[in-house]
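A structural walkthrough
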Amino acid sequence: MALNKICTLCLRQNSRELRILNNLINKRNHFVYTADAESPVKGETTKLNMFQAINNALDSALQSDESALVFGEDVAFGGVFRCTIGLQAKYGPGRVFNTPLCEQGIVGFAIGAANMGSTAIAEIQFADYIFPAFDQLVNEAAKMRYRSGGQFDCGKLTVRAPCGAVGHGALYHSQSPEAYFAHTPGLKIVVPRGPIKAKGLLLACVRDPDPCLILEPKALYRAAVEEVPVADFVLPIGKADVLLKGEQVTLIGWGTQVHVLLEVVHLAKTQFNASCEVIDLVSILPWDRNTVCQSVKKTKRVLIAHEAPLTGGFGAEVAATIQEECFLHLEAPVARVTGFDTPFPHVFEPFYLPDKWRCLDAIRNLLDY
Amino acid sequence: MATNKCLHLLRGRFRDQLRFCRHLTTQGPLFPGAQTTWTSDLTFVTASTYTPIPVYRVMDRKGAVIDATHEPPLPDTTLLKMYTDMRLLNTMDKILYESQRQGRISFYMTNFGEEAMHIGSAAALTAADVVYGQYREAGVLMWRGFTLQEFVDQCYGNRDDKGKGKQMPIHYGSKELNFVTISSPLGTQMPQAVGAAYALKGSGRVVICYYGDGAASEGDAHAAFNFAATLECPVILFCRNNGYAISTPVREQYRGDGIAARGPAYGVHTLRADGNDVLAMYNATKLAREYCVKEQKPVVIEAMGYRVGHHSTSDDSTAYRSQEEVDQWTSSDNPTVKFKTYLTNKGLWNEEKEKEFIKKARQDVMTAFVAGEKKPKPEWTECFEDVYKYMPEHIKQQMNQMKSHVEKYKEHYPVDEFA
C-alpha cells in the first residue's frame with residue numbers, strides 16, 4: 001500500500017532506487033489481470049477500475065431507488081477503498097452514512113431496514129471482520145423468509161465486503177470466507193473477477209429478492225481496469241462464465257484466482273501443449289453445476305483453485321458434485337490447489353497462495369495420471 | 001500578538017488553526033471524545049455514584065392510584081379490553097402449557113407476571129407501529145387482534161399456521177398486525193428494530209422492540225443502543241426486566257443499575273417503570289412514543305417485573321428459586337389482580353363478570369385448541385419452500401429426490417398427518 005505513494009520528489013535524484021521500488025510493485029501481485037474480451041451490454045463504455053465500477057454501481061442504485069441506503073464504517077468520506085467516494089455529497093447523509101464500528105450492528109440494522117422495504121446496502125470493511133455479523137447473516141437474514149412463512153424477508157439486503165489476498169494483508173486482511181456462508185441456505189453469494197462483473201453483479205444483488213453477499217477481491221480494486229458499460233445493467237447470479245474454451249483440462253476459480261488460471265492456460269499450452277478450459281464460477285451460492293459438469297464431461301480432467309484453505313473450502317463442494325455427476329467421465333481425480341490449512345500468513349504469502357506454478361504442476365499431474 | 005493572529009484567522013479559511021488559537025485561550029478540555037470539565041480530584045466513579053433510577057408507577061401494589069393526575073383518561077371500553085386481554089392471555093397460557101405437558105404440542109412459554117407489560121405497552125401504540133419481539137410478548141399480539149385460533153395453529157404448526165409449520169411453538173408472526181416473526185436467537189431483533197425504525201423515519205410510525213434482562217447482555221443489545229442513538233431512530237427499546245434469564249438471576253447478569261442506567265450512557269432518553277402496573281406501562285409507552293415521533297430519536301424503557309412462570313415447558317424453576325419467592329410475588333404484587341381492584345373500584349368489574357369471562361375464555365380457547373389439533377400439517381414438501389423467493393434448481397432437485405424416496409418408503413413417514 002505504502003509503495004503506491006512513493007515520494008517521487010524525494011527520490012527524484014535517485015532513479016536507481018525508484019526503478020527498484022517500481023519493480024517491487026510489479027512483482028508484488030501474484031497474478032496478471034486479464035480484462036474481459038467482450039462487454040455484456042451494448043453501448044457506450046468508459047475505462048474504470050474495480051472500485052470506480054463499484055462506485056458507479058452504487059451511484060446507479062441510489063439514483064434509481066429512492067429507498068436505497070449505503071452505510072458502514074467510514075463510507076461517508078469515500079471508504080477505505082474509495083468505493084463510496086462522492087456518494088454522501090450527492091445523496092445526502094440521510095442515505096449515505098457512517099455507522100459505529102460494529103459489524104453485528106451494521107448487518108442487524110441493515111436487515112431491519114430491508115424488512116421495512118428499504119434497499120439496504122451495507123459495507124463490511126474487510127471480509128475478515130464479517131464474523132461478528134455471522135449470527136445476523138446466518139441465523140437471521142438467511143432464514144427470515146423461511147421461518148416467517150414468507151410474511152417477512154430481507155430480500156432488499158446486500159452486504160459488500162472486500163476479500164482475498166492483497167500481497168501483505170496477512171491473517172486479517174486477506175481472508176476469503178465464502179465457504180462459511182455457502183453452507184447457509186437462504187443467502188446468495190457472488191465474487192466478481194473485474195470491474196464489469198463487479199458493477200453488474202452488485203446491481204443484481206441490490207435488485208435480487210433475496211439477501212446477497214458480494215465478496216470483492218481487494219487486489220482487483222486498482223489492478224483491474226476495463227471498459228465498463230456506462231448504462232445501468234445487471235448480470236445473472238447463479239451463472240458461471242466459460243472464459244476460454246479448451247479440450248483437455250477444466251480450470252475452475254473465482255475472483256482473483258481466475259486471472260491466475262488464465263495465465264496458467266498459456267503456460268500449460270507452452271509446456272505440455274495442453275488445451276485448457278477456464279470457468280469463472282462467479283456465483284458461490286447458488287452455483288452453476290450444469291456449466292461445470294458439462295465442461296468436465298468434455299475435458300474429463302478438472303482443477304479447482306481457490307485462496308481459501310483446503311479443508312471445507314468451497315472447492316470441496318464443487319469436487320464432491322463433480323465426482324457424483326461426472327464419475328464415469330473422469331480420467332483423473334478432481335484436483336484442488338488452494339491455500340493451505342493454516343491461517344493466512346504475512347511474509348510467507350508467496351508460499352501460501354495457489355500460484356500459477358502450483359496450478360501448472362497440478363495440471364501436469366492430471367495429464368499424466 | 002495572539003489576538004491579531006486570531007482576528008486574521010477569523011477570516012474563515014483556516015478552521016484548524018483557529019481551533020489551535022482557541023486552545024490558547026479556553027480553559028476547559030477540548031478533546032473530541034467528550035464535552036466536559038477538568039478535575040484535580042482522583043476518585044472512582046462507581047455503580048453507586050449515581051442514585052439508582054427510580055421506578056415510575058401510577059398504582060400502588062394494591063391497585064390504588066397514587067397521583068390522580070397520572071391516571072390516564074382511557075375510555076371504559078379500553079380499560080376493559082386491557083383487563084380481559086390480560087385474563088384471556090392467562091387462560092390461554094394455562095391451557096396451552098398443560099397441552100404441552102400432555103404431549104400435544106411440543107413446547108410452550110407462558111407470560112405469567114408480564115401481562116401488564118404486554119397490554120399496557122401495546123395499548124399505547126397504533127396498529128401501524130411495528131413490533132419486534134423476543135418470545136414473551138404474546139399479550140402484545142393478542143391486543144392487536146391475533147386470534148386464539150391463530151395462536152393455536154402456530155403452536156401446532158398446522159396448515160393454517162401463518163409460519164407454515166417452519167418453527168417451534170410461540171414463534172408467532174403476523175404481517176397484518178405488524179408483528180415481526182419471532183426467532184430463537186436472543187437479542188438479534190434489537191439492531192433490526194433500529195434499522196426498521198431508520199427506514200420508517202418521518203412516516204409517523206414507531207418501532208417497539210422487546211427484549212429481556214438476559215438478552216440485554218448480548219452484543220446485539222449494545223449495537224442497538226448505540227446505533228439507535230447515533231443514527232437517531234424512532235425506536236422504543238423496551239426491556240422486560242423480569243429478574244431471570246432461565247435460571248440466571250440478575251445479579252449474575254449485570255452489576256450496574258439494570259438496563260435503564262445504560263440508556264443515558266449511550267445518549268438515549270430513558271424511562272424506568274413498574275412492569276406490574278398496566279397504567280404505568282401505558283403512560284410510559286405513550287410518552288416514549290410521542291417523543292419518538294416528535295424528535296425522531298430513540299427511547300429506552302425498562303419495565304421492572306417478575307417472571308412468575310417457568311422459563312418454558314423445558315424448565316422447572318423450583319430447581320433454582322423457592323416457591324415462597326414466586327408466591328410472594330403472585331400474592332403481593334400481581335399485575336392482573338391489582339388492575340382488577342382498580343376496575344372494581346371504578347365500578348367496571350366484579351366477581352360475577354370475572355367468573356363469566358373466565359368461563360367463556362376457557363371455552364373459546366378450547367374450541368380453538370380442538371380445531372387446531374384436528375387440522376393436518378401443511379403439505380410436507382412445504383419444507384423446501386421459501387428458502388429463497390423463487391425455488392432454485394438445486395433445492396428443486398433435492399425435493400424431487402425426497403418425493404421419490406417417500407413414494408417408496410411411505411410407511412416410514414408420517415404422511416397421514418400432512419395435507
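The text that follows walks through the structure, step by step, so that each part is easy to find. (Residues numbered from 1 in each chain as written. Chains lettered and ligands numbered in written order. Predicted model: local features only at pLDDT ≥ 70, side-chain atom pairs only at ≥ 80, totals over all residues. Heavy atoms only, no water.)

Concerning the overall build of chain A
The condition is simple: Put simply, DSSP marks the helices as runs of H or I at least four residues long and the strands as runs of E at least two long, and each gets a number from the N terminus on. Radius of gyration: over C-alpha atoms. The globule rule applied is 2.2 Å multiplied by the number of residues raised to the 0.38 power. A 1.4 Å probe rolled over the protein chains alone gives each residue an accessible area, and that area as a share of the maximum for its type sets the label: buried under 20%, exposed over 50%, partly exposed in between. The contact criterion used throughout is that any non-hydrogen atoms of two residues lie within 4.5 Å. Values of accessible area rely on a 1.4 Å probe in the Shrake-Rupley scheme; residue burial ignores everything except the protein chains shown. In this tally, Asp and Glu contribute negative charge and Lys and Arg positive charge; neither His nor the terminal groups of the chain are included. Charged groups are reduced to one reference atom each: NZ for lysine, CZ for arginine, CG for aspartic acid, CD for glutamic acid.
Counting secondary structure elements, chain A contains 15 helices and 14 strands. Scaling as 2.2 N^0.38, a compact globule of 369 residues should have a C-alpha radius of gyration of about 21 Å, and chain A matches this with 21 Å. Counting only C-alpha atoms, chain A reaches 65 × 60 × 45 Å along its principal axes. With 369 residues in all, chain A has 59% of them scored as buried. Of all intrachain contacts in chain A linking residues separated by at least 6 positions in sequence, the fraction that spans at least 24 positions is 82%. Of the roughly 14,800 Å² of accessible surface on chain A, 55% is carried by carbon and sulfur atoms. One finds the centroid of the 35 positive side-chain charges in chain A at a distance of 5 Å from the centroid of its 38 negative side-chain charges.

Concerning the interface of chain B and chain A
Interface size is often expressed as the accessible area that is lost when the parts come together. Our working rule: A 1.4 Å probe defines the accessible area here, and the buried area is the portion of it lost by two parts on being joined, summed over both. Each salt bridge in this description consists of a side-chain nitrogen of Lys or Arg and a carboxyl oxygen of Asp or Glu lying within 4 Å of one another. Amino acids outside the nonpolar list (Ala, Val, Leu, Ile, Met, Phe, Trp, Tyr, Cys, Pro) and the charged list (Asp, Glu, Lys, Arg) are all regarded as polar, and Gly is one of them.
Residue-level contacts link 42 residues of chain B with 44 residues of chain A. Overall, the association of chain B and chain A removes approximately 3,400 Å² of surface from exposure, summing both partners, and the carbon and sulfur fraction of that is 62%. The interface formed by chain B and chain A includes zero salt bridges. Elements that contribute at least two residues to the side of chain B that touches chain A include exactly strand S1 (130–132), strand S2 (179–180), helix H7 (189–199), helix H8 (219–230) and helix H14 (393–408) of chain B. Among the residues forming the side of chain B that touches chain A, the class breakdown is 20 nonpolar, 14 polar and eight charged.

Thoughts on the sheet that holds strand S11 (residues 276–280) of chain A
All names here are of chain A. Threshold: We treat two strands as partners when DSSP finds at least two bridges between them. As a rule, the C-alpha atoms of each element are fitted with a line to give its axis, helices using only the stretch in contact, and angles between N-to-C directions run from 0 to 180 degrees.
Strands sit in the order S9-S11-S10-S13-S14 across an open sheet of five strands; the sheet is mixed. Edge strands, defined here as strands with exactly one partner in the open sheet, are strand S9 (241–244) and strand S14 (335–339). Strand-to-strand twist in this sheet, taken as the mean axis angle between neighbours without regard to direction, amounts to 25 degrees. Pairing analysis gives three bridges linking S9 to S11, with the strands arranged antiparallel. Within the sheet, the bridge partner assigned to Asp-241 lies in S11 and is Asp-280.

Description of the pattern of salt bridges
Residue and element names in this part refer to chain A. In the structure shown here, the tally under the stated rule is 42 salt bridges over all chains. Taking the shortest distance from any N to any O, the salt bridge between Asp-232 and Arg-207 comes out at 2.7 Å. Of the two residues, Asp-232 is situated in the loop between strand S8 (225–229) and S9 and Arg-207 in helix H9 (residues 195–207); the sequence distance between them amounts to 25 residues.

So, to be careful, I would describe these as geometric facts and stop short of saying anything about function.
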